[in-house]
Amino acid sequence: MSVYVFGHKVPDSDSIVGAIAIAYLKNQVEKEEYIPARQGDISAETEFILNKFGGELPILKTSVAGERVYLVDDSDSLLFQDDIREATILGITDHHKLGDLTTNAPLEMWVRPIGCSNTVVYEMYQSYGVEIPKNIAGMMMMAILSDTVIFKSPTCTKVDTKAVKELAKIAGIEDYKALGMEMFIVKSAVDDSSVRELNTRDYKAFDMNGSMVGVNQLEMIDISALDDRKEEIFKDMRDLKEEKGLHTFLVLLTDIMKEGSQLLCVSDDISKIEKAFGKAMKGDEVWLPGVLSRKKQVIPVVRPQF
Ligand code: MN
Ligand code: MN
């Protein structure tokens, strides 16, 4: 029986590349067949990576009841298909806080507080002594550059930068930072996107002590490209908050050059968010200098307010 490897809903590059890289590794060392999968459509950024390195698009898997699965890039049930609890989880590779999923049988876990799941995958390859194919190395390198915002994110560690350098060598890429910038230019494109697409591009839901909090993040080279669409974005945020039954919906417009985020907030109690960051909102938004990481700088300060 095959094992499906996949990452969180609204898949990012770490989720997609992680599935590809783990499946390849497992297929070298285990008898079962591991199949890379995904829970949704890929982003323009991920498409750029797959095209650049000749990666195959993982299969779409929207139901996993009764299946054997291997998870990458999260372990929280809210970020997987509704029937995830009916699947058998064989392993988890991740770099987030521990989620609420559990298992009936022993499993393997490769979880570390570093910049990217693919850095953990890199360590898995080393641990198993398996050579990383050139194209997979290139994709893993890009996933790490994406998750660490080309090393600028406070989540980035020396382990991540070292992995990128090693992977770049294997992939034959000299100027990996330039390629990373090229990727972020692709990621920053907003002109052809509907406001709903923007508000759900990198959406995650969190259960904070019974209150549902949605957080979407747009990482861009210049967030002023969205200045004249703010009103439209806020209107759709209010609609989405109602549709999803959220207590709070946050949108982080992360400017990777200015190294900070404009936080847009629609909430039943905006004071919780003001308290979380120790800042008063101007209208329903506030600039948060130095804030680049949702997992490290946003969720850990918002969660204790609930
Ligand atoms: Mn991710
Ligand atoms: Mn990640």
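Residues numbered from 1 in each chain as written. Chains lettered and ligands numbered in written order. Predicted model: local features only at pLDDT ≥ 70, side-chain atom pairs only at ≥ 80, totals over all residues. Heavy atoms only, no water.

### Looking at the coordination of the manganese ion (ligand 2)
1) Next: Distances from the manganese ion (ligand 2) to its protein donors, Asp14 (OD), Asp73 (OD), His95 (NE2) and Asp147 (OD), fall within 2.1 to 2.3 Å.
2) Next: When the donor residues of the manganese ion (ligand 2) are listed from N- to C-terminus, their spacing reads D-x58-D-x21-H-x51-D. (Donors = N, O, S within 2.8 Å, 3.2 Å for Na, K, Ca; no water.)

### Let's talk about the packing of aromatic side chains
1) Next: What the rule picks out here adds up to four aromatic pairs.
2) Next: For Lys61, the ring lying beneath its charged end belongs to Tyr4, and the centroid distance is 4.4 Å.
3) Next: The ring of Phe306 is capped by Lys272, whose NZ or CZ atom sits 5.3 Å from the centre of that ring. (Phe/Tyr/Trp six-rings, centres within 6.5 Å; stacked < 30°, edge-to-face > 60°. Lys NZ or Arg CZ within 6 Å of the ring centre and 35° of its normal.)

### Details of the state of the cysteines
1) Next: For the structure shown, the criterion picks out zero disulfides.
2) Next: Summary of cysteine pairing: Cys156 is not part of a disulfide, and the nearest cysteine sulfur, belonging to Cys116, is at 9.6 Å.
3) Next: The class of Cys156 is buried, set by a relative accessible area of 18%. (Disulfide = S-S within 2.5 Å. Buried < 20%, exposed > 50% of the residue type's maximum accessible area, 1.4 Å probe, protein only.)

### Description of the coordination of the manganese ion (ligand 1)
1) Next: Binding of the manganese ion (ligand 1) to the protein goes through His8 (NE2), Asp12 (OD) and Asp73 (OD), at separations of 2.0 to 2.2 Å.
2) Next: Read in sequence order, the donor residues for the manganese ion (ligand 1) give the motif H-x3-D-x60-D.
3) Next: Here the manganese ion (ligand 1) and the manganese ion (ligand 2) are spaced 3.6 Å apart, linked through Asp73, which binds each one. Within this pair, whereas His8 is found in the loop between β1 (3-6) and α1 (13-29), its partner Asp73 is found in the loop between β4 (68-72) and β5 (88-94), the two being separated by 65 residues in sequence. (Helix = DSSP H or I, 4+ residues; strand = E, 2+ residues; numbered from the N terminus.)

### Quick notes on the environment of Ile114
1) Next: If you trace the backbone, Ile114 turns up in the loop between β6 (108-111) and α3 (117-128).
2) Next: Residues Ile114 and Asp94, spaced 20 residues apart in sequence, show a C-alpha to C-alpha distance of 9.1 Å.
3) Next: When sequence neighbours within four positions are dropped, the list of residues in contact with Ile114 reads His95, Thr119, Val120, Thr155, Thr157, Val159 and Asp160. (Contact = heavy atoms within 4.5 Å.)

### Regarding the domain arrangement of the protein chain
1) Next: Here the protein chain is described as being made up of domain 1 (3-185) and domain 2 (195-305).
2) Next: Taken over C-alpha atoms, the centre of domain 1 sits 25 Å from the centre of domain 2.
3) Next: With 16 residues of domain 1 at the interface, the matching set in domain 2 holds 20 residues.
4) Next: Summed over both sides, the interface of domain 1 with domain 2 buries roughly 1600 Å², with 67% coming from carbon and sulfur.
5) Next: Where domain 1 meets domain 2, there are one salt bridge. (Domains from an automatic or database assignment. Buried area = accessible area lost by both parts, 1.4 Å probe. Salt bridge = Lys/Arg side-chain N within 4 Å of Asp/Glu carboxyl O.)

### Some details on unusual backbone geometry
1) Next: In this structure, Val149 is a non-glycine residue whose phi angle is positive, near 50 degrees.
2) Next: As for its position among the elements, Val149 is in the loop between α4 (134-147) and α5 (158-171).
3) Next: Positioned with a positive phi, Asn209 is a non-glycine residue whose angle comes to about 55 degrees.
4) Next: Structurally, the position occupied by Asn209 is in the loop between β7 (203-208) and β8 (211-220).
5) Next: Overall, the relative accessible area of 69% leaves Asn209 in the exposed class.

### Concerning the sheet that holds strand β11 (residues 285-289)
1) Next: Overall, mixed pairing links the five strands, which are arranged β7-β8-β9-β10-β11 in an open sheet. The strands lining the two open edges of the sheet, one partner per strand, are β7 and β11. In this sheet, adjacent strand axes meet at a mean angle of 25 degrees when their direction is disregarded.
2) Next: Set on the sheet, helix α8 (residues 230-244) makes contact with β7, β9 (248-255), β10 (260-267) and β11; between it and β10 the angle comes to about 50 degrees. (Pairing = 2+ DSSP bridges. Axes fitted to C-alpha atoms, helices over the stretch in contact; angles between N-to-C directions.)

### Focus: the pattern of salt bridges
1) Next: In total, this model carries 21 salt bridges according to the counting rule given.
2) Next: Residues Asp236 and Arg196 are paired through a salt bridge, measuring 2.9 Å at the closest nitrogen-oxygen approach. Taken together, the residues span a long stretch of sequence, with Asp236 in helix α8 and Arg196 in helix α7 (residues 195-199) at a distance of 40 residues.
3) Next: By relative accessible area, which is 8% here, Asp236 ends up buried.
4) Next: Taking relative accessible area as the criterion, Arg196 reaches 28% and is therefore assigned partly exposed.
5) Next: A salt bridge links Arg196 to Glu243; its shortest N-O distance comes to 2.9 Å. Of this pair, Arg196 sits in helix α7 while Glu243 is found in helix α8, placing the two residues 47 residues apart along the sequence.

### A few points about the sheet that holds strand β3 (residues 59-60)
1) Next: Taken in spatial order, the six strands of this open sheet run β3-β2-β1-β4-β5-β6, and their pairing is parallel. Since the sheet does not close on itself, it has two edges, and those belong to β3 and β6, each with one partner.
2) Next: Bridging between β1 and β4 involves four bridges; their strand directions are parallel. Residue pairing across strands places Val3 opposite Arg68, the latter belonging to β4.
3) Next: In the packing of α1 onto the sheet, the strands contacted are β1, β2 (34-38), β4, β5 and β6, and the crossing angle to β2 comes to about 175 degrees.

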